[in-house]
2 protein chains.
Amino acid sequence: MSLSQIKVIAFDADDTLWVNETFFRKAEEEFCILLEAYMPKEEANTLLFDIEMKNLPLYGYGIKPFTLSLIEAAITISKGNLETELIQKLIEKGKQMLLEPVELIDGIDRTLNELSKKYRLVMATKGDLLDQERKLIKSGLEKYFHHIEIVSDKTEKQYRKLIRHLDITEQEFLMVGNSLKSDVIPVLNIGAHAFHIPFHTTWVHEMVDQEVCHPNFKSFTQASELLTIL
Amino acid sequence: MSLSQIKVIAFDADDTLWVNETFFRKAEEEFCILLEAYMPKEEANTLLFDIEMKNLPLYGYGIKPFTLSLIEAAITISKGNLETELIQKLIEKGKQMLLEPVELIDGIDRTLNELSKKYRLVMATKGDLLDQERKLIKSGLEKYFHHIEIVSDKTEKQYRKLIRHLDITEQEFLMVGNSLKSDVIPVLNIGAHAFHIPFHTTWVHEMVDQEVCHPNFKSFTQASELLTIL
C-alpha cells in the first residue's frame, strides 16, 4: 500500500464523525414500548425492520424515512386500530431526532485538524443533505472539510462517480468509515484505499459477515490512530 | 451582458426539466377532499400550508417532508380523532408520488442536447437526492449533465459555494429555472447570470412580488428559446 499517493480523504459522517446509531436504537426501543399493548417488543422490532427494508429503495436513508416507517409499522402492528395520539408522538419523536445535539466521536476533532493540513478532506455520506449539513455545522468540524459529497447509496458505481467528480484517480482516494459494507468493501473493489474504524453499534442492514484482508485496507480502534500513519 | 463568458449552465430540476408542482397541487386537492368531513376544503388547504412552512426549516424540501406534513395536518384537522385508514392512505399517496412517471417540459431534451455540446451542464436542485436521481434517470436526460448539485436551500451563500465548487467565477455561471425566488434573484445578487422560464403553476412559498430588471437577466416562455441566444 502506497499511502504517499493519497490526495483526498473522504470521511463517512454518522458514527465516524459523530454518534448516530445510538439514537436510532433508542428510538426503536421507545417505539416497541409504545406498541407493547399490541405486540411483544421483539416481534415489533422485527416488523419495524422489515418495513424499513421494504421502504429503503423508495425512501432512502435518514430520519424522515425512519419516521414514515415508524408510522407505517405502528399502523400494521395495531391492525389499523391505533389512537391518533400515538402517531402524533411518532412524528414528534422524528422531529426530536432531527434536533438532537451532536456528540463527537473521541479524538475526531484533533485528527481532522492535523489531516486537513496535509490532505483535501471531504465528508461523504448517504444521509439526507439538510440533516447532515445541520450536524456538520453544529459539530464545529465544518472548517476541516473542503465540501460535502452526498451519495444516494455507497455502491462501487457511486464511488467511481465521486472520484471522477473529485478529479483524482482511485489510488489517490482514501475512504474512512465505520461500515465495512458501505465504506470499505465497494471502495477496495474499485482499487481505492479504505480504513475502517468500527463504532460499538452497527445497524443490522450494515452488517457483513466477512473478514477483510486487502493491501489497501487497515482497521483502527480510534480515529487518532490515523495520525500514526497518515 | 456578456454571454460569451459562460462556462457552466445549471438547470433547476422540478418544473424546469420536468413537471412537478402539478403533482403536489393534485395531492393537496385530494387531501382536502379526504378531510372534508372535518373542515372546509379551503381552510384545510391553508392549515396544511402553514404546517408545511413551520416544518420547512427542519424537514427541508421534497415528497417525504410533504407526506409527514400531510399526516400532521390530518391529525390537527381531525382534532386527533382520525381513522388509521386515512393515515395509511396518506402514506400510500406519498409513495405513489415518489413513483410518478416523469413528464418532460416541452422542448427540454433538444435544448439540453444542443447546449451540452457547448457548455458544461449541471443539474442544481434543492430536492432530495435519491428522488431527484431517480427522476433524472427516468427522464433520459442524464447523459446531458456533468453531475447533480444538491443544495439544501437556494440562497446566495449556497450559490457562492456551488460556484466555488465548480471552480469557475460568478461571471462564468448561468442558472436556468422556473422560480424567481430560488433560481434568479440570489444568482443575480452574487453577480452571476440567471434566465427565467416560468412554469404555469408556482408554489405559494416560491412566489415573489417583484419585477426583475437586470443586465444579467432574461425571461423566456419556452426552453427551446434558449438556443436562439446561447
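Student: What exactly am I supposed to notice about the sheet that holds strand S6 (residues 217-219) of chain B here?
Tutor: Whether parallel or antiparallel, the strands of a sheet pair through hydrogen bonds between backbone atoms. All names here are of chain B. The strand order S3-S2-S1-S4-S5-S6 describes an open sheet built from six strands, whose pairing is parallel. Both edges of this open sheet fall to strand S3 (147-150) and S6, since each of them pairs with a single strand only. The average angle at which neighbouring strand axes cross in this sheet is 25°, direction not considered. Looking at chain direction, strand S5 (residues 193-196) and S6 are connected through three bridges and run parallel. Within the sheet, the bridge partner assigned to Phe 195 lies in S6 and is Lys 218. Strand contacts of helix H6 (residues 129-139): strand S2 (120-125) and S3, with the helix running at about 150° to S3, the strand carrying the most contacts.

Student: In this structure, what is going on with the relation of the copies chain B and chain A? I would like to understand it.
Tutor: Note that the two copies of the chain are related through a rotation about an axis and a translation along the same axis. Of the transformation superimposing chain B on chain A, the axial component is 0.0 Å and the angular component is 180°, with the fit at an RMSD of 0.0 Å. Interpreted geometrically, this transformation is the action of a two-fold axis. The share of interface residues of chain B whose copies in chain A are also at the interface is 100%, consistent with both copies meeting through the same surface.

Student: Hey, could you run me through the sheet that holds strand S2 (residues 120-125) of chain A in this one?
Tutor: Residues and elements named next belong to chain A. Spatially, the six strands line up as an open sheet ordered S3-S2-S1-S4-S5-S6, and their pairing is parallel. Pairing within the sheet leaves two strands with one partner each, and these edge strands are strand S3 (147-150) and strand S6 (217-219). Going across the sheet, the axis of each strand differs from the next one's by a mean of 25°, ignoring polarity. In the packing of helix H6 (residues 129-139) onto the sheet, contacts are made with S2 and S3, and the angle to S3 comes to roughly 150°. Lying over the sheet, helix H8 (residues 180-189) contacts strand S4 (173-177), strand S5 (193-196) and S6, oriented at roughly 155° with respect to S5.

Student: Sorry if this is basic, but what is going on with the interface of chain B and chain A here?
Tutor: Where interface size is given, it is often the accessible area lost as the parts come together that is meant. Residue-level contacts link 29 residues of chain B with 29 residues of chain A. Elements with a minimum of two residues in the side of chain B that touches chain A: helix H2 (41-59), helix H3 (63-77), helix H4 (84-99), H6 and S3 of chain B.

Student: What is the right way to look at the domain arrangement of chain A in this model?
Tutor: Residues and elements named next belong to chain A. Under the domain assignment, chain A is made up of domain 1 (3-18 + 103-228) and domain 2 (21-99). Here domain 1 and domain 2 have C-alpha centroids that lie 29 Å from each other. At the junction of the two partners, domain 1 supplies 12 residues and domain 2 supplies 12 residues. Residues belonging to the side of domain 1 that touches domain 2 are distributed by class as follows: three nonpolar, five polar and four charged.

Student: What am I meant to see in the pairing of S3(B) here?
Tutor: It is a general feature of regular strands that their side chains alternate between the two faces of the sheet. All names here are of chain B. The sheet contact formed by S2 and S3 spans four bridges and is parallel. Residue Met 123 lies in a different strand from S3, and its bridge partner there is Ile 148. In this fold, the crossover linking S2 to S3 by way of H6 has right-handed handedness.

Student: Honestly, helix H2 (residues 41-59) of chain A in this entry has me stumped. Any pointers?
Tutor: Helical periodicity: at 3.6 residues per turn, an α-helix aligns residues three or four positions apart in one direction. Helix geometry: H2(A) is bent most strongly at A:Met53, by close to 25°, with proline A:Pro57 lying one to four residues after it. Of all the residues in H2(A), the buried ones are A:Ala44, A:Leu48, A:Ile51, A:Glu52 and A:Tyr59. Of the surrounding elements, those touching the buried residues of H2(A) are helix H1 (21-34) and helix H3 (63-77) of chain A together with H3 of chain B. One or two residues past the end of H2(A) sits A:Gly60, with phi positive at roughly 80°.

Student: Looking at this structure, how should I read the environment of B:Lys79?
Tutor: Residue and element names in this part refer to chain B. Mapped onto the elements of the fold, Lys 79 is located in the loop between H3 and H4. A residue is classified by how many C-beta atoms lie within 10 Å of it, and Lys 79, with 10 of them, is exposed. C-alpha of Lys 79 to C-alpha of Glu 206: the two residues are 127 residues apart in sequence and 30 Å apart in space.

Student: I'm lost on the nonpolar core in this one. Help?
Tutor: Nonpolar side chains tend to gather and get buried jointly when the protein is soluble and globular. Of all hydrophobic cores here, the largest spans 71 residues; its most connected members are A:Met175 and B:Met175. Once residues lying within four places of it in the same chain are set aside, the contact partners of A:Met175 are A:Ala10, A:Ala124, A:Asp183, A:Val187, A:Ala192 and A:Ala194. Formed by 40 residues, the second largest nonpolar core is a distinct cluster that contains A:Ala74, B:Phe66, B:Leu68 and B:Leu82.

Student: Can you help me understand the packing of H1(A) against helix H4 (residues 84-99) of chain A in this one?
Tutor: Two numbers describe a pair of packed helices, the interaxial angle and the distance between the axes. Residue and element names in this part refer to chain A. Remark: H1 packs on H4, axes separated minimally by 11 Å, with the N-to-C direction vectors making an angle of 170°. If you check the angle between H1 and H4, you find them roughly antiparallel. Of the residues in H4, those in contact with Phe 23, Ala 27, Glu 30 and Leu 34 of H1 are Leu 86, Lys 89, Lys 93 and Met 97. Per-class residue counts for the contact of H1 with H4 are five nonpolar, no polar and three charged.

Student: What's the story with the packing of H4(A) against H3(B) in this structure? I'm lost.
Tutor: Between H4(A) and H3(B), the least distance of the axes is 10 Å, while the angle of their chain directions is 140°. Classified by the angle between their axes, H4(A) and H3(B) sit oblique to one another. Crossing angle aside, the handedness with which H4(A) passes H3(B) is left-handed. Along the contact surface, H4(A) presents A:Thr84, A:Ile87, A:Gln88 and A:Ile91, while H3(B) presents B:Leu68, B:Ile71, B:Glu72 and B:Ile75.

Student: What should I look at first to understand unusual backbone geometry in this one?
Tutor: The general pattern is negative phi for most residues beyond glycine and trans for most peptide bonds. All names here are of chain A. At Asp 15, a residue that is not glycine, the phi angle is positive and equals roughly 70°. Considering the arrangement of structural elements, one finds Asp 15 in the loop between strand S1 (8-11) and H1. A count of 23 C-beta atoms within 10 Å places Asp 15 in the buried class.

Student: Hey, could you run me through the environment of B:Leu47 in this one?
Tutor: The topology assignment puts B:Leu47 in helix H2. The residues touching B:Leu47, leaving out its near neighbours within four places in the chain, are B:Ala73, B:Thr76 and B:Ile77.

Cut-off values and rules
Residues numbered from 1 in each chain as written. Chains lettered and ligands numbered in written order. Predicted model: local features only at pLDDT ≥ 70, side-chain atom pairs only at ≥ 80, totals over all residues. Pairing = 2+ DSSP bridges. Helix = DSSP H or I, 4+ residues; strand = E, 2+ residues; numbered from the N terminus. Axes fitted to C-alpha atoms, helices over the stretch in contact; angles between N-to-C directions. Contact = placed C-beta atoms within 7 Å. Least-squares fit on C-alpha atoms with pLDDT ≥ 70 in both. Domains from an automatic or database assignment. Nonpolar A, V, L, I, M, F, W, Y, C, P; charged D, E, K, R; others polar. Right-handed = clockwise from strand over helix to strand, strands pointing away. Bend = angle between axes of the 7 residues up to and from the residue. Buried ≥ 20, exposed ≤ 12 C-beta atoms within 10 Å, placed from the backbone. Core = buried A, V, L, I, M, F, W, Y, C linked by C-beta atoms within 7 Å. Parallel < 35°, antiparallel > 145°, perpendicular 65-115°, else oblique. Left-handed = near helix turned anticlockwise from the far one by under 90°.

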